[in-house]
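Analysis of the macromolecular model
So you can see what is in the structure, the chains are spelled out below.
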Amino acid sequence: MTERQQQILKAIIQKYINTAQAVSSEAVVSHYGLNISPATARNEMKELEEKGYLYQPHTSAGRIPTEKAYHFYIKNLQEINRNLAGRKRRKNLTEIISSLEDKDLSDALREITHFLAEESENLAFGGIKELREFHCAGLSNLLKEPEFRDTEILTSVVRLVEQVDRYMEKIFSAIPFQETRIFIGKQNPLAKFKQTSLIVTACRLPRKKHGLLAILGPTRMRYELNVGLLNQVKDYIEELW
């Protein structure tokens, strides 16, 4: 892939993450300041489609990123920001984690899960391996996304929420302790649809227990934000506990 194709592909992915609409060559050129004509952008986009990074839902429509495109995007991110944007978020997180020291571990995990759902605007999970206890929050966030208007996908996610204990056992066995993993589309062990992605991190909890935090959303989720969010929550938990 040429450098120009990489720039175009990143621009399309970023645009699609924000709009959930197929991206035209005109949009790529006008919104991202690429010093090329729309005709040149169209030719490059056609080549990216032939390489499997884009697809065209309709003949007259723009292009949409494929799973292969998201793998490229994540692999080539220069830096995953471990800091949450804005002082308000950092303050809220500090207050929440600090207040957990005197709380029951289960109650603390429930609050953290709700915090993750609110900040990510996706579906969040939290679990304690040894207690086989799991929480989830944020289903209403997914209902706002166009990807989840598909009945089959929505049914799968609702079933996941209803049977979260069983499904989360799969996740504990899917990632090594202390690591953060991203599962895109059909790699997602919880909902095997190309329209969803899952980010998971395993963390150390008090009394030698292992915890798990996860965010599930559409494949066009804001990966930098969500990875940074999970990593910082994990860092706060492990520092204070």
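Refer to the structure presented above.
Now for a quick tour of the structure. Quantities reported herein were computed from a predicted structural model and do not represent experimental measurements.

By the burial criterion, the buried members of helix α2 (residues 25–32) are Ser25, Ala27, Val28 and Val29. Those residues of α2 that are buried lie in contact with α1 (3–19) and α3 (38–50). Backbone geometry just downstream of α2 places Gly33 in the positive-phi region, at approximately 60°.

The subject of this paragraph is unusual backbone geometry. The phi dihedral of Ala20 is positive, around 60°, even though this residue is not glycine. Among the secondary structure elements, Ala20 is positioned in the loop between α1 and α2. Given a relative accessible area of 19%, Ala20 falls into the buried group. Phi at Glu121 is positive, roughly 60°, even though this residue is not glycine. For Glu121, the position within the fold is in the loop between α6 (105–120) and β3 (123–128). Glu121 gets classed as partly exposed once you look at its relative accessible area, which sits at 47%.

This paragraph deals with the packing of aromatic side chains. Counted under the stated rule, the structure contains 3 aromatic pairs. On the numbers, 6.1 Å between centres and 50° between planes, the contact of Tyr70 with Tyr223 is tilted. Within this pair, whereas Tyr70 is found in helix α4 (residues 67–75), its partner Tyr223 is found in helix α10 (residues 223–240), the two being separated by 153 residues in sequence. Across the ring face of Tyr53, the terminal group of Lys68 is positioned such that the distance to the ring centre comes to 4.6 Å.

Of all hydrophobic cores here, the largest spans 49 residues; its most connected members are Ile8, Leu9, Val28, Leu116, Leu213 and Val233. Ignoring anything within four residues of it in the chain, the contact list for Ile8 reads Val28, Leu34, Ile36, Ala41, Glu44, Met45 and Leu48. Listed in part, the 23 residues of the second largest apolar core include Phe134, Val161, Ile175 and Leu212.

Of the volumes computed, that of the second largest pocket is approximately 190 Å³. Together, Ile17, Ser120, Glu121, Asn122, Asn141, Lys144, Glu145, Pro218, Arg220, Met221 and Arg222 line the second largest pocket. Of the residues in the lining of the second largest pocket, the class split is 3 nonpolar, 3 polar and 5 charged.

Parameters and conventions
- Residues numbered from 1 in each chain as written.
- Predicted model: local features only at pLDDT ≥ 70, side-chain atom pairs only at ≥ 80, totals over all residues.
- Heavy atoms only, no water.
- Buried < 20%, exposed > 50% of the residue type's maximum accessible area, 1.4 Å probe, protein only.
- Helix = DSSP H or I, 4+ residues; strand = E, 2+ residues; numbered from the N terminus.
- Contact = heavy atoms within 4.5 Å.
- Phe/Tyr/Trp six-rings, centres within 6.5 Å; stacked < 30°, edge-to-face > 60°.
- Lys NZ or Arg CZ within 6 Å of the ring centre and 35° of its normal.
- Core = buried A, V, L, I, M, F, W, Y, C linked by side-chain atoms within 4.5 Å.
- 1 Å grid on protein atoms, 1.4 Å probe; cavity = no way out; pocket = protein on both sides within 12 Å on 5 of 7 lines; lining within 4 Å.
- Points joined across faces, edges and corners; volume = space filled by probe spheres on them.
- Nonpolar A, V, L, I, M, F, W, Y, C, P; charged D, E, K, R; others polar.

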